[in-house]
Structures are given as structure tokens and as C-alpha cells.
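Fold and geometry: a report
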Amino acid sequence: MLTGNTISFNAAATSGSGTYLYKYVVENGTNVVYTKDYNNISSLDYVPSTQGNYTVQVYMKDQNSTADYDDTKTSSFTVYGSPVINNLTTNKPQYLTGQTGNINTTASSGSGSYLYKYVISLGGTTLTTIDYSSNANLLYKVNGAGNYNITVYVKDSLSTKDYYNGPKN
């Protein structure tokens with residue numbers, strides 16, 4: 001799970017009167033970060049804004065119950081921050097036509113498992129797009145003279161978003 005993504009929880013109760021009340025408490029470590037007090041909605045959509053080790057506890061009680069709660073369940077999940085591109089390098093600053101450049105990208109934060117997308121352009125025209133893969137290194141053969149622009153996008157492998165950090169040239 002990454003910060004900014006929605007995580008959904010759903011509780012289901014049985015027995016009793018058939019009408020139940022649910023309360024949700026979300027903690028990051030030992031700090032309560034969200035409480036949804038008792039109501040008849042059995043689900044919770046929560047969007048964590050910070051990384052950490054979370055627990056969510058649902059308390060359930062029958063609408064006729066005088067107890068604080070009749071049952072409770074706990075679930076744990078980890079939230080990671082967005083990845084950050086640390087460095088984009090090539091093996092040398094200039095190439096001759098026909099030579100192969102080695103492009104290397106390093107990233108940090110997130111879950112530690114990243115996906116990289118490369119876009120190589122010449123004079124404003126995209127020559128090559130290499131879609132997301134786990135390969136932080138790209139070998140690219142220079143086929144003509146000019147100033148090439150290499151753009152890299154990074155996203156966490158847990159992400160469903162296009163990219164986080166924006167391109168880095």
C-alpha cells in the first residue's frame with residue numbers, strides 16, 4: 001500500500017437482531033489517526049497520508065446491545081511513501097553514431113521494488129519508449145547525431161498510478 005491510495009475494509013456480522021452498528025479505529029503505530037464512530041455502515045474507505053505500520057480495528061455491536069461492543073477484529077497493513085528518483089546517469093557524456101549508451105537510474109523510498117519507464121527523444125521527436133519494467137539499466141544504441149533527451153519515470157511496483165515523481169531528464 002502506498003500513501004495516497006485508498007484502502008477499503010468491510011465487516012459482516014451475523015446472529016442477533018440482524019441490525020448492527022460498526023466503529024472503525026485506524027492507528028499508525030500507537031497513534032490513533034482516524035476514528036469512524038458507531039453507525040450502520042459496515043465499510044470504511046481510508047486514504048493514508050503518511051507511511052508506517054498501521055492497524056485498523058472494527059468494533060461491532062447489535063443495535064439492541066448495551067455493551068461497548070459485541071465483537072472486534074483487527075487487520076494490519078504497511079504504507080510506503082512514494083518513490084524518489086535519486087540519480088539518472090549515462091556511462092559517458094558523448095557518443096559516436098553506432099555506440100551504445102548505458103543509462104542507469106537509482107530510486108529510493110517506497111517499497112523498494114520499482115518500475116522504470118524510459119522515453120528517448122531527439123529534437124523533440126520521441127524515438128523510443130520503453131514501458132515500465134523492473135530494469136533500472138537501459139542500453140540504447142545511438143543511431144544519429146544530435147542532442148538526445150532521456151526521460152525516466154519511476155513508480156512503485158505496488159502502485160496502480162502512472163508515475164509518482166514526474167520525469168527526470
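Since this is a predicted model, take the numbers as computed values, not measurements.

The subject of this paragraph is the domain arrangement of the chain. Domains assigned within the chain are domain 1 (7-79) and domain 2 (84-156). The distance between the C-alpha centroids of domain 1 and domain 2 comes to 45 Å.

Moving on to the UniProt feature "domain: Two component regulator three Y" (unreviewed entry) in the chain. The UniProt feature table records "domain: Two component regulator three Y" (unreviewed entry) at residues 15-79 and 109-164. Taken as a whole, residues 15-79 contains 0% helix and 65% strand, while its terminal C-alpha atoms sit 34 Å from one another.

Right, let's get into the sheet that holds strand E6 (residues 71-79). If you trace the 4 strands from one edge of the open sheet to the other, you get E3-E2-E5-E6, paired in antiparallel fashion. With one partner strand each, in any of the chains shown, strand E3 (31-39) and E6 form the two edges of the open sheet. Across the sheet, the mean angle from the axis of one strand to that of its neighbour is 15°, orientation sign disregarded.

Okay, the nonpolar core next. Across soluble globular proteins, you tend to see nonpolar side chains buried next to one another. In terms of nonpolar packing, the biggest core is built from 16 residues, with Phe9, Tyr22, Tyr24, Leu44, Val56 and Phe77 touching the most fellow members. When residues of this core are traced back to their parent elements, those giving at least two are strand E1 (7-10), strand E2 (20-28), strand E4 (43-46), strand E5 (52-62) and E6. What Leu44 contacts, discounting residues up to four positions off in sequence, is Ile7, Ser8, Phe9, Tyr24, Val26, Tyr34, Lys36 and Val56. By size, the runner-up hydrophobic cluster in this structure holds 13 residues, among which are Tyr114, Ile120, Ala136 and Val152.

E5 sits mainly inside the fold: 8 of its 11 residues count as buried. Here 9 bridges tie E2 to E5, and the two strands are oriented antiparallel to one another. Opposite Asn28, over in E5, you have Tyr54 as the bridge partner. Examined bridge by bridge, E5 and E6 share 9 bridges and lie antiparallel to one another. Across the sheet, the residue bridging to Val58 is Lys73, located in E6.

The full count for this structure, using the stated rule, is 7 aromatic pairs. When the centroid spacing of 5.7 Å and the interplanar angle of 45° are considered together, the rings of Tyr34 and Tyr46 count as tilted. Placement of the pair is Tyr34 in strand E3 and Tyr46 in strand E4, with a sequence separation of 12 residues. Residues Tyr114 and Tyr116 carry aromatic rings whose centres are separated by 6.4 Å and whose planes lie at 70° to one another, so their mutual orientation is edge-to-face. Chaining the aromatic ring pairs together yields one cluster made of Phe9, Tyr34, Tyr46, Tyr54 and Phe77. It is Lys117 that lies over the ring of Tyr153; its NZ or CZ is 5.6 Å from the centre. The positively charged end of Lys155 is found above the aromatic ring belonging to Tyr132, 4.5 Å away from the centroid.

Conventions we followed
- Starting afresh in each chain, residues are numbered from 1 along the sequence in its written order.
- Totals for whole chains, interfaces and linings use every residue, but because this is a predicted model, local features are given only for residues with pLDDT of at least 70 and side-chain atom pairs only at 80 or more, for both listing and counting.
- Hydrogens and water are ignored here; the side-chain numbers use all heavy atoms of the structure.
- The start and end points of each domain follow an automatic or database-based domain assignment.
- UniProt positions are given in the numbering used here, feature names are shortened, and annotations may be inferred rather than shown by experiment.
- What counts as a helix is a DSSP run of H or I of at least four residues, what counts as a strand is a run of E of at least two, and both are numbered from the N terminus.
- A pair of strands is treated as paired once DSSP finds two or more bridges between them.
- Between the N-to-C directions of two axes lies an angle of 0 to 180 degrees, each axis being a line fitted to C-alpha atoms and, for a helix, fitted only over the stretch in contact.
- Put simply, buried Ala, Val, Leu, Ile, Met, Phe, Trp, Tyr and Cys residues joined by side-chain atoms within 4.5 Å make one nonpolar core.
- Accessibility here uses a 1.4 Å probe with only protein chains present; expressed as a share of the type maximum, an area under 20% marks a residue as buried, one over 50% as exposed, and anything in between as partly exposed.
- Contact criterion: two residues are considered in contact whenever any of their non-hydrogen atoms come within 4.5 Å of each other.
- Put simply, two rings from Phe, Tyr or Trp (the six-membered ring, in Trp's case) pair if the centres are within 6.5 Å, and we call them stacked under 30 degrees between planes, edge-to-face over 60, tilted for the rest.
- As a reminder, the over-ring test applies to NZ of lysine and CZ of arginine, requiring each to be within 6 Å of the ring centre and within 35 degrees of the ring normal.

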